[in-house]
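Chain by chain, the residues:
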Amino acid sequence: MRQGAPRALDTAAGRAGSLEKVSTVSEEKARPVVDWSVAASTGAFLVRGGPSVTREEAELAVTELRELSLDAETHVRELTGLGSGLPLLPGEVVDRPGWVRAAASGLDALTGKALKAMPANPLSPVLAGSAGVQTGVVLAFLASRVLGQYDPFGGPDQAGRLLLVAPNVVTVQQALGVPGRDFRMWVCLHESTHRLQFTAVNWLRDYFADEVERLIGGLTGDDADGLSDLLGRLPDALREARRSKADGLLALGRLLRSPQQRAVFDRLLALSTLLEGHADYVMDAVGPVVVPTVGTIRARFTERRKGGGVLDRVLRALLGVDAKMRQYAQGAAFTRQVVDQVGMAGFNAVWTSPNTLPTRPEIADPAAWVRRVHG
């Protein structure tokens, strides 16, 4: 990395995104299961700083990310046909601690209803604090890897927010050796697609939240004994995942004991694969028009995803990050094959209702989805 003003990107991103104003969860809202304020403060404290660049480079990166997020969404709307008439808003440029705080706040909003239903007991504050610390450690690990994120449940009034993590975007762009503006536009195309998925499809946000609530309820049961049983089984599931070279996401699936729980898990997994793959397809399909080096970026970025040290690979596997990478490829292949067969308008039938979303088997067999939905 080039040397320059220390933490210039963090400073610039902080000014651009008003990072200190990213709300953390107050003590009054602490949950019996996870204290999200502890998670936010722990993650923000542990996360590493970003690359050292000059102040001018930092300001350019932050400014371009904000501006390109507007251009990117315009291009995504033209390709997908989604979002006509919706307000066009810039993304929020943040640093790593800012992303941690925003992620903790969004997770609290997403899981709060299900977790509040868990009964309190005299040890609740201690258990919640411990869970908050563990969650903060995970958030700190992820905070140095996330390039951007659309959080449907974050921001004022939980209206959603698009976050672009400037230090990570610059770090990866430098490592890949690709033009800065091209790479920043490429990232913005992906995240803008996620925002349109949730803002243009008016039922998707509530559907996703309801499914997450069902999954959490199925995992923890209706009482504290259910949560204790879950936590007791989780270490064995993760150890088995590591021995079998599986990943944390599939380890979570092994904890599900009833057909109803597994059905919810399958629906969420299929949905997340669709969302990630659709965004990956769009960023590459729009790419040649506005990102001249898109082919080089995609090739080098895909190769980079395979790298990392032994510890990094183990952590990625246990946290489900490797599974996330596979979702990108599977979902993009589904999107590509459906668009090739019935066009973008035909593909957009996936957004009609929950009943037209692809199932897990259909993700692997796009023609089956086309037959079911289009006859």
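Residues numbered from 1 in each chain as written. Predicted model: local features only at pLDDT ≥ 70, side-chain atom pairs only at ≥ 80, totals over all residues. Heavy atoms only, no water.

### A look at the environment of Arg145
As for its placement among the helices and strands, Arg145 is situated in the loop between helix H5 (124-143) and strand E2 (148-151). Along the primary structure Arg145 and Val172 are separated by 27 residues, whereas in three dimensions their C-alpha atoms are 8.9 Å apart. (Helix = DSSP H or I, 4+ residues; strand = E, 2+ residues; numbered from the N terminus.)

### Regarding the side chain of Glu73
By the secondary structure assignment, Glu73 is in helix H3 (residues 55-80). The buried category is assigned to Glu73, whose relative accessible area is 2%. Excluding anything up to four places from it in sequence, Glu73 contacts Pro87, Leu88, Ser192, Arg195 and Leu196. (Buried < 20%, exposed > 50% of the residue type's maximum accessible area, 1.4 Å probe, protein only. Contact = heavy atoms within 4.5 Å.)

### Some points on a nonpolar patch on the surface
A cluster of nonpolar side chains, contributed by Phe45, Leu46, Val133 and Val137, occupies part of the molecular surface with about 400 Å² of accessible area. Elements with a contribution of two residues or more to the nonpolar patch: helix H2 (36-46) and H5. Note on placement: Val133 falls in helix H5. (Patch = residues over 30% accessible without salt bridge, like charges linked within 9 Å, V, L, I, M, F, W, Y side chains within 5 Å. Areas by Shrake-Rupley, 256 points an atom, 1.4 Å probe, with all protein chains shown as cover. Salt bridge = Lys/Arg side-chain N within 4 Å of Asp/Glu carboxyl O.)

### Quick word on the nonpolar core
Ranked by internal contacts, the top residues of the largest apolar core, which has 63 residues, are Phe183, Leu189, Leu204, Phe208, Phe347 and Trp351. Of all the elements, helix H11 (residues 259-290) adds the most residues to this core, at 12 residues. Not counting the four nearest positions on each side in its chain, Phe208 is found in contact with Leu110, Phe153, Phe198, Leu268 and Leu271. Grouped together as the second largest cluster of nonpolar side chains are 19 residues, Val33, Val34, Ala140 and Val165 included. (Core = buried A, V, L, I, M, F, W, Y, C linked by side-chain atoms within 4.5 Å.)

### Thoughts on the confidence of the model for the protein
Per-residue confidence for the protein averages 80 on the pLDDT scale, and 72% of its residues sit at or above 70. The lowest-confidence element of the protein is helix H13 (residues 310-318), averaging 47 in pLDDT; the highest-confidence one is helix H16 (residues 366-374), averaging 97. Here residues 222-228 scores under 50 on pLDDT; set against residues more than four positions off or in separate chains, the count is 10 contacts. Long-range and interchain partners of residues 310-315, a stretch whose pLDDT sits below 50, account for eight contacts in this model, where long-range means more than four residues apart. (pLDDT = per-residue confidence, 0-100.)

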